[in-house]
Amino acid sequence: MKDFRALLAGKNLSFFIRTYGCQMNERDSEKMAGLLEQIGFVAAKSKDVADIVIYNTCCVRESAEDKVFGHLSREKSAKAQRPFILAIGGCMPQQPEMADLLREKHKYADIVFGTGNRHRLPEFLWRVIENGERNIVDITEGENELPEITDVPVTTREFSHKAGVNIMYGCDNFCSYCIVPYVRGREKSRAAEDVLAEIRALADDGVREIMLLGQNVNSYRGKICESVRVVSLPAPTLQNDSLASFPELLHLAHEVEGIKRIRFMTSHPKDFSDELIDAMQKLPNVCKHVHLPLQAGSTRVLADMNRFYTKEQYLALAEKLYAAMPEIAITTDIIVGYPGETDEDFEDTLDVVRRVRFAGAFTFIYSKRSGTPAATRTDLIPRKTANERFDRLTAELYPIMTARNESKIGQIIDVMVEEVRDDASNAYKARGDDHTLVHFTAETGEFVAGDIVPVRIDVAKTFYVSGCAASDFLRKSCN
Ligand code: 5AD
Ligand code: SF4
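Note that this is a predicted model, so its numbers are computed, not measured.

Criteria and thresholds
- Residues numbered from 1 in each chain as written.
- Chains lettered and ligands numbered in written order.
- Predicted model: local features only at pLDDT ≥ 70, side-chain atom pairs only at ≥ 80, totals over all residues.
- Heavy atoms only, no water.
- Helix = DSSP H or I, 4+ residues; strand = E, 2+ residues; numbered from the N terminus.
- Rg over C-alpha atoms; globule rule 2.2 N^0.38 Å.
- Buried < 20%, exposed > 50% of the residue type's maximum accessible area, 1.4 Å probe, protein only.
- Contact = heavy atoms within 4.5 Å.
- Areas by Shrake-Rupley, 256 points an atom, 1.4 Å probe, with all protein chains shown as cover.
- Lys, Arg positive; Asp, Glu negative; His and termini not counted.
- Charge placed at Lys NZ, Arg CZ, Asp CG, Glu CD.
- Near = heavy atom within 4 Å.
- Nonpolar A, V, L, I, M, F, W, Y, C, P; charged D, E, K, R; others polar.
- Salt bridge = Lys/Arg side-chain N within 4 Å of Asp/Glu carboxyl O.
- Core = buried A, V, L, I, M, F, W, Y, C linked by side-chain atoms within 4.5 Å.
- Expected span 1.5 Å × (residues − 1).
- Pairing = 2+ DSSP bridges.
- Axes fitted to C-alpha atoms, helices over the stretch in contact; angles between N-to-C directions.
- Polar contact = N/O pair within 3.5 Å; in protein donor to acceptor, adjacent residues only side chain to side chain.
- Right-handed = clockwise from strand over helix to strand, strands pointing away.
- Phe/Tyr/Trp six-rings, centres within 6.5 Å; stacked < 30°, edge-to-face > 60°.
- Lys NZ or Arg CZ within 6 Å of the ring centre and 35° of its normal.
- Parallel < 35°, antiparallel > 145°, perpendicular 65-115°, else oblique.
- Left-handed = near helix turned anticlockwise from the far one by under 90°.

Asker: What should I look at first to understand the overall build of the protein chain in this one?
Answerer: Helix and strand counts for the protein chain stand at 14 helices and 21 strands. For the protein chain, the C-alpha radius of gyration of 23 Å lies close to 23 Å, the compact-globule estimate for 479 residues. With respect to the three principal axes, the spread of C-alpha positions in the protein chain is 60 × 60 × 50 Å. With 479 residues in all, the protein chain has 55% of them scored as buried. Long-range contacts, defined here as pairs at least 24 residues apart, represent 73% of the contacts in the protein chain between residues at least 6 apart. When the accessible area of the protein chain is evaluated, it comes to approximately 20,700 Å², of which 51% is carbon and sulfur surface. Separation between the mean location of the 61 positive side-chain charges and that of the 71 negative ones in the protein chain comes to 3 Å.

Take a look at the structure:
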């Protein structure tokens, strides 16, 4: 790696990364920040004072792209006021027509790069700083050749107590509406040893919770050497002599000392195996929360979407999860207004919502993404109908979420502190094992991010619950 520090002769150029989209992008941003810090750049307090402004973009829906364009037009004016380097990376430029648009219509962008070559950001910056190059547009197809960037300094992680760990890249599922397989490339699992080494390093850095990340973690198949295999697992989990399955990886991650909570996302319902349910049940540090995108409740729409499960299969899986772990929280993603969706199809979505009783959901209106199979559909749903369905969906979801939270009132649950909200009043933001957002106060004891605290729940809202540290409650000092 080239060392910019000597060349910049003490001028510590600062950078600011603005991230859009999913947890994969957030982790990518942390890695890019780590790379930049390793070569002598420093994180800026705000975008307005940064020497280098980086947009890590998302293209999963048009609204995400519109947001970026809104900001870019402001960056163009800002560049006229003060000099800084503007770099646009991530999923948006990974679409060829978008790369062309950025090249031709957004020439004020100094660097345009994709998901497949983010590790080359220092080189692109070098070319701008040293050679005065402008409007570098460099996109590598997919992510299959992407080298790992695991040696990220701890200072660049968004949270001190928790971190995402990529276990695989890309997606092979080609859901008809989704751009991800085109911009993130083919599915590729990291070797189990590499994943474990990263988790161990994070644990040594004080991380207490990890989130194993992939577009479809259930189809993880990573290389593993015989010496680290969990030989006690039954045959279906130990699928192949040289490849670890996701349940086996969970068992291995569970062995890493210092890690108190393990989460994972995202799970595709079609690949959710009994072995995975078994591993979740047996391993106490694996959180009882599954993010299980439904997308649609109608079997016909699901087939159109290329999802490879029916309404009944989804319901049966949810039932199996509740039977194995009654306390589990199932959250989901739902799209309304997919081309051809009838009122009856939409009723199926509402029916699944009522029956599964989701603990939370990301809800979306279908957004046409050019290059995907669904983009050729002509039976589009009028915007007004899609909006109405969206509102009906949230009207169905929210009371269920509230009722689920209300059922926690009076319970004492272990939460992991995420953030000290207010030192003076000892107010904390935390998460339950099932990912419930918990606000609590603690008159006695001071906590830091990563601490696990028993909390008595007193109040329930749709998106969070609140209460007080159980030790206070037991001392009767809590109202
Ligand atoms: N339109 C609307 N929502 C989409 N998603 C993916 N592609 C689209 C699209 N074209 C949603 C899916 C996915 C989540 C990450 O984004 O619900 O699970
Ligand atoms: Fe997109 Fe489907 Fe892959 Fe998820 S599983 S990233 S929705 S193609």
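Asker: How should the site of ligand 2 be read in this particular structure?
Answerer: Neighbouring residues of ligand 2: Cys-171, Asn-173, Phe-174, Cys-175, Tyr-177, Cys-178, Val-180, Pro-181, Gln-215, His-268 and Arg-307. Of the residues belonging to the shell around ligand 2, the class tally is seven nonpolar, three polar and one charged.

Asker: Can you help me understand the pattern of salt bridges in this one?
Answerer: A side chain with one charge may pair with a side chain of the opposite charge, provided their charged atoms come close. The final tally for this structure, using the stated rule, is 37 salt bridges. We note a salt bridge from Glu-198 to Arg-27, for which the minimum N-O separation is 2.8 Å. Of this pair, Glu-198 sits in helix α7 (residues 192-204) while Arg-27 sits in helix α2 (residues 23-38); the two residues are 171 residues apart in sequence, bridging distant segments of the chain. The class for Glu-198 is buried, based on a relative accessible area of 4%.

Asker: Just checking my understanding: could you explain the nonpolar core for this structure?
Answerer: In globular proteins that are soluble, nonpolar side chains generally tend to be buried together. Ranked by internal contacts, the top residues of the largest apolar core, which has 75 residues, are Ile-199, Leu-212, Phe-246, Leu-250 and Leu-321. Ranked by residues supplied to this core, first place goes to α7 with six residues. Discounting chain neighbours no more than four positions away, the residues touching Phe-246 are Ile-167, Leu-212, Val-217, Asn-218, Tyr-220, Arg-221, Phe-264 and Leu-276. In this structure, Tyr-55, Cys-59, Leu-72 and Ala-109 belong to the second largest nonpolar core, which totals 24 residues.

Asker: What exactly am I supposed to notice about the environment of Ile-330 here?
Answerer: By the secondary structure assignment, Ile-330 is in strand β15 (residues 329-336). For the pair Ile-330 and His-435, spaced 105 residues apart in the sequence, the C-alpha separation amounts to 9.9 Å. What Ile-330 contacts, discounting residues up to four positions off in sequence, is Val-290, Leu-292, Tyr-314, Ala-318, Leu-321, Tyr-322, Val-356, Phe-358, Ala-359 and Gly-360.

Asker: Sorry, what's going on with helix α11 (residues 311-324) here?
Answerer: Given 3.6 residues per helical turn, the α-helix brings residues three or four places apart onto the same face. When the terminal C-alpha atoms of α11 are compared, their 20 Å separation across 14 residues agrees well with the 20 Å that a helix rising 1.5 Å per residue should span. Those residues of α11 that are buried are in contact with α9 (274-282), β14 (289-291), α10 (299-304), β15 and α12 (343-356).

Asker: Help me understand the side chain of Gln-295, please; the structure alone is not making it clear to me.
Answerer: Structurally, the position occupied by Gln-295 is in the loop between β14 and α10. Not counting residues within four places of it along the chain, the set of residues in contact with Gln-295 comprises Tyr-177, Met-305, Arg-307, Tyr-309, Asp-333, Ile-334 and Ile-335.

Asker: Mind showing me how you'd approach the sheet that holds strand β10 (residues 209-213) here?
Answerer: Across a sheet, paired strands are connected by hydrogen bonds in the backbone, their directions being either parallel or antiparallel. Read from one edge to the other, the open sheet built from three strands follows the order β7-β10-β13, with strand pairing classed as parallel. With partners counted over all chains shown, the strands left at the sheet margins are β7 (162-166) and β13 (261-265), one partner each. Each strand of the sheet is rotated relative to its neighbour by a mean of 25°, with strand direction disregarded. On the sheet, helix α8 (residues 246-254) packs against β10 and β13 and is oriented at approximately 155° with respect to β13.

Asker: Would you mind going over the site of ligand 1 with me for this structure?
Answerer: The environment of ligand 1 is formed by Val-60, Arg-61, Tyr-177, Gln-295, Asp-333, Ile-335, Phe-364, Ile-365, Tyr-366, Ser-367 and Arg-369. Backbone polar atom of Tyr-177 to a nitrogen atom of ligand 1: 3.0 Å apart, as the coordinates give it. At a separation of 2.6 Å, an oxygen atom of ligand 1 approaches a polar side-chain atom of Asp-333. Protein coverage of the free-state accessible area of ligand 1, which is 410 Å², stands at 86%.

Asker: What should I look at first to understand the pairing of strand β3 (residues 52-57) in this one?
Answerer: Look at any regular strand and the pattern is simple: side chains alternate between the two faces of the sheet. Among the six residues in β3, six count as buried, and that is most of the element. Side-chain alternation along β3 places Ile-52, Ile-54 and Asn-56 on one buried face and Val-53, Tyr-55 and Thr-57 on a second face that is also buried. Note: strand β1 (residues 14-19) against β3, five bridges, orientation parallel. Looking across to β3, one finds that Phe-15 is bridged to Ile-52. Pairing of β3 with strand β4 (residues 85-90) involves six bridges; the strand directions are parallel. Bridge pairing in β4 links Asn-56 to Gly-89. After leaving β3, the chain enters helix α3 (residues 62-81) and then returns to the sheet as β4, a path that is right-handed.

Asker: Hey, could you run me through the packing of aromatic side chains in this one?
Answerer: How two aromatic rings sit relative to each other is set out by the distance from centre to centre and by the angle between their planes. For the coordinates displayed, the defined rule picks out twelve aromatic pairs. An aromatic cluster is defined as three or more aromatic residues linked by ring pairs; in this entry it consists of Tyr-177, Tyr-338 and Tyr-366. The ring centre of Phe-364 lies 3.7 Å from the NZ or CZ of Arg-61, which sits over that ring. Just above the ring of Phe-159 sits the side chain of Lys-162; from NZ or CZ to the centre is 4.6 Å.

Asker: What am I meant to see in the packing of α12 against helix α13 (residues 383-406) here?
Answerer: In helix packing, the relevant descriptors are the interaxial angle and the interaxial distance, both defined with respect to the helix axes. Contact geometry of α12 with α13 gives a least axis separation of 10 Å together with a crossing angle of 15°. Of the possible angle classes, the one that applies to α12 and α13 is roughly parallel. Of the two elements, α12 crosses α13, and the hand of that crossing is right-handed. Between α12 and α13, the contacting residues are Asp-343, Phe-346, Glu-347, Thr-349, Leu-350, Val-353 and Arg-354 on the first element and Arg-389, Arg-392, Leu-393, Glu-396, Leu-397 and Ile-400 on the second.

Asker: I would appreciate a short explanation of the environment of Arg-383 in the present structure.
Answerer: Relative to the helices and strands, Arg-383 resides in helix α13. Each C-alpha atom, one on Arg-383 and one on Glu-443, is 50 Å from the other, the two residues being 60 residues apart in sequence.

Asker: Help me understand unusual backbone geometry, please; the structure alone is not making it clear to me.
Answerer: The phi torsion of most residues other than glycine is negative, and most of the peptide bonds are trans. Residues Met-265 and Thr-266 are joined by a peptide bond in cis, for which omega reads 10°. Looking at where Thr-266 falls in the secondary structure, it is placed in the loop between β13 and α9. Of note in the backbone geometry, Gln-295 takes a positive phi value of approximately 70° without being a glycine. By relative accessible area, which is 7% here, Gln-295 ends up buried. At Asn-306, a position not held by glycine, the phi torsion is positive, near 65°. The residue Asn-306 is located in the loop between α10 and α11 in this model. Asn-306 gets classed as partly exposed once you look at its relative accessible area, which sits at 28%.

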